[in-house]
Amino acid sequence: MAERHLSIWLSGPGGPEALEAVEAPARPARLSIEFLDSRGRRVGRRASVAVPDPLPVEVPAERGRLDWARVTPPLSLAGREVADRAVSLRAFSDEAVFAEMPLEAAAAPAPAKPTARRVFNPRGKWTLLLVSEGFASADVFFAAAAGLDAFVRSQPPFVEAANSARFRIEALFWPSPKEGLFSTRVDGRLVFGDGELVKRFVKASGAKGRLIVVLVDKLVRGGAGGSKDRPAWVTTTSAPGEKWEAVALHELGHSFGLADEYADSSQTVPEPAKLEPNVTDQRSAAKAPWAALRTPGVPSDPTCDASVSPPSPLGVVGTFEGARYRSTGRYRPTAECLMQRTDRGFCPVCQAQIRKVLAKA
Ligand SMILES: [Zn+2]
Ligand SMILES: [Zn+2]
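Here is what the cut-offs are and how they apply
Residues numbered from 1 in each chain as written. Chains lettered and ligands numbered in written order. Predicted model: local features only at pLDDT ≥ 70, side-chain atom pairs only at ≥ 80, totals over all residues. Pairing = 2+ DSSP bridges. Helix = DSSP H or I, 4+ residues; strand = E, 2+ residues; numbered from the N terminus. Axes fitted to C-alpha atoms, helices over the stretch in contact; angles between N-to-C directions. Contact = placed C-beta atoms within 7 Å. Domains from an automatic or database assignment. Nonpolar A, V, L, I, M, F, W, Y, C, P; charged D, E, K, R; others polar. Core = buried A, V, L, I, M, F, W, Y, C linked by C-beta atoms within 7 Å. Buried ≥ 20, exposed ≤ 12 C-beta atoms within 10 Å, placed from the backbone. Parallel < 35°, antiparallel > 145°, perpendicular 65-115°, else oblique. Left-handed = near helix turned anticlockwise from the far one by under 90°.

Caption draft 1: Molecular detail of the sheet that holds strand β8 (residues 96–102). Strand order across the open sheet formed by four strands is β3-β2-β7-β8, with antiparallel pairing between neighbours. Only two strands of the sheet have a single neighbouring strand rather than two, namely β3 (42–49) and β8. Shown here is a sheet whose adjacent strand axes are inclined to one another by a mean of 20 degrees, direction ignored. Pairing between strand β7 (residues 88–93) and β8: six bridges, direction antiparallel. By the bridge assignment, Phe92 is partnered in β8 with Val97.

Caption draft 2: Broad picture of the environment of Leu314. Inspection of the secondary structure assignment puts Leu314 in the loop between α5 (244–255) and β18 (320–323). Considered as a pair, Leu314 and Ala143 are 171 residues apart in the sequence and their alpha carbons are 35 Å apart. The contact partners of Leu314, leaving out residues within four places of it in the chain, are Ala335 and Glu336.

Caption draft 3: The arrangement of the pairing of strand β19 (residues 326–332) in detail. With three bridges joining them, β18 and β19 adopt antiparallel strand pairing. Looking at β19, one finds that Ala323 is bridged to Arg326. Connecting the antiparallel pair β18 and β19 is a turn made up of two residues, with Arg324 showing a positive phi of about 45 degrees.

Caption draft 4: Main features of the domain arrangement of the protein chain. Along its sequence, the protein chain is organised into domain 1 (5–55 + 72–108), domain 2 (116–255) and domain 3 (285–360). A C-alpha centroid distance of 29 Å is found between domain 1 and domain 2. Counting residues at the interface gives 11 residues for domain 1 and eight residues for domain 2. Tallied by class, the residues present in the side of domain 1 that touches domain 2 amount to six nonpolar, five polar and no charged.

Caption draft 5: Highlighting the nonpolar core. Counting residues in hydrophobic clusters, the biggest one holds 85 residues, and the most contacted among them are Leu130, Val131, Val213, Val214, Leu215, Val234 and Cys350. Look past the residues within four positions of Val234 in its chain and what remains in contact with it is Val213, Leu215, Val216, Gly223, Trp244, Val247 and Ala248.

Caption draft 6: The sheet that holds strand β6 (residues 75–77), seen in detail. On the basis of which strands lie adjacent, the open sheet formed by three strands has the order β6-β1-β9 and antiparallel pairing. Since the sheet does not close on itself, it has two edges, and those belong to β6 and β9 (107–108), each with one partner. Note that strand β1 (residues 5–8) and β9 share two bridges and pair antiparallel. When the sheet's bridge partners are listed, Leu6 is paired in β9 with Ala107.

Caption draft 7: Inspection of the packing of helix α2 (residues 138–154) against α5 at higher detail. Direction vectors running N to C along α2 and α5 enclose 65 degrees, while the axes themselves pass 10 Å from each other. Classified by the angle their axes make, α2 and α5 are roughly perpendicular. For α2 against α5, the interelement crossing comes out right-handed. Where α2 abuts α5, its residues Gly147, Leu148, Phe151 and Val152 lie against Glu245, Ala248 and Leu249.

Caption draft 8: Examining unusual backbone geometry more closely. Each neighbour pair has its own omega, and for Pro156 with Pro157 the value is 5 degrees, a cis peptide bond. Looking at where Pro157 falls in the secondary structure, it is placed in the loop between α2 and α3 (161–166). Cis geometry marks the peptide bond from Ser309 to Pro310, where omega comes out at -5 degrees. Within the secondary structure, Pro310 is located in the loop between α5 and β18. Backbone geometry places Asp94, a non-glycine residue, at a positive phi of 55 degrees. Its location among the elements puts Asp94 in the loop between β7 and β8. Here Asp94 falls in the exposed class, since 11 other C-beta atoms lie within 10 Å of it. Positive phi values are uncommon outside glycine, yet Tyr325 reaches one of about 75 degrees. Inspection of the secondary structure assignment puts Tyr325 in the loop between β18 and β19. By C-beta crowding, Tyr325 is classed as buried, having 20 other C-beta atoms within 10 Å.

Written out as structure tokens, the structure reads:
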């Protein structure tokens with residue numbers, strides 16, 4: 001059977017309104033799919049499919065800020081799940097048909113080896129994988145990858161030779177149709193696609209990395225945060241006060257184990273049992289995990305509480321109230337850091353963590 005992959009958005013732009021939707025539940029309780037041949041006859045059996053869980057994702061906002069949005073990822077079906085001879089599919093929510101669509105509307109190309117790849121610092125041990133989306137030309141994609149590589153290596157702590165030597169970027173290029181390879185959707189600042197399909201392409205490439213960033217050739221400033229198991233998405237367009245490369249570097253910060261250093265009450269991601277190395281619940285800088293890095297002679301308890309805006313003093317390492325989505329009770333090491341806003345560099349505590357991870361890579 002020819003490999004066919006399907007990406008089906010269940011809601012939002014490009015979702016059921018693109019289908020002949022009878023009823024479009026944002027998140028069906030139980031979803032099943034059957035395939036139909038050219039005469040409308042069912043091919044094979046109706047199969048239940050796992051309903052994707054809605055995910056909170058981080059989205060770059062204006063003036064270097066970061067926001068959160070909830071998205072339901074598309075249903076991502078691999079080739080073996082798509083029946084032979086099928087020309088359309090019908091989706092059921094419980095027993096009710098809620099959508100019918102021709103397969104071409106959801107068809108995604110089958111994963112294959114990249115047609116070109118470029119490695120920056122091949123001897124490095126810690127690899128960031130870049131995947132092309134929406135780029136027709138390898139040269140344009142590799143120029144964006146080179147731009148990101150140069151930016152990362154210009155920033156502390158990567159600017160230090162020992163750290164730069166351990167950091168490696170592998171850029172994987174697949175020629176892309178105009179509408180993209182990975183069913184990528186733009187919804188305001190949120191740019192997000194079929195991450196499972198991206199992972200199947202990466203697997204076909206044989207490349208391995210600590211974080212996958214999908215670089216999207218779109219003339220909008222946007223993206224979506226990733227995780228160890230999920231690619232991040234970043235458009236290669238900057239806006240006033242925001243460099244796209246800095247948004248990618250913020251994502252890289254997460255993959256080094258760093259937490260967000262801003263407050264956002266809409267964000268409900270639970271805290272890990274042990275807080276990340278750049279966040280503490282200790283008011284006193286002397287008791288923070290970064291006590292050894294604090295600026296001497298600065299009063300601490302805390303150095304700056306949440307009521308002071310803008311926080312002061314700049315450049316000081318202490319305990320600044322407001323971090324990890326909470327405006328009070330969680331402290332960050334400095335007034336401003338790349339893990340707080342994308343128009344700043346990493347603070348000394350975040351730099352120390354990155355050095356530590358790179359040294360072990
Ligand atoms: Zn973040
Ligand atoms: Zn920091």
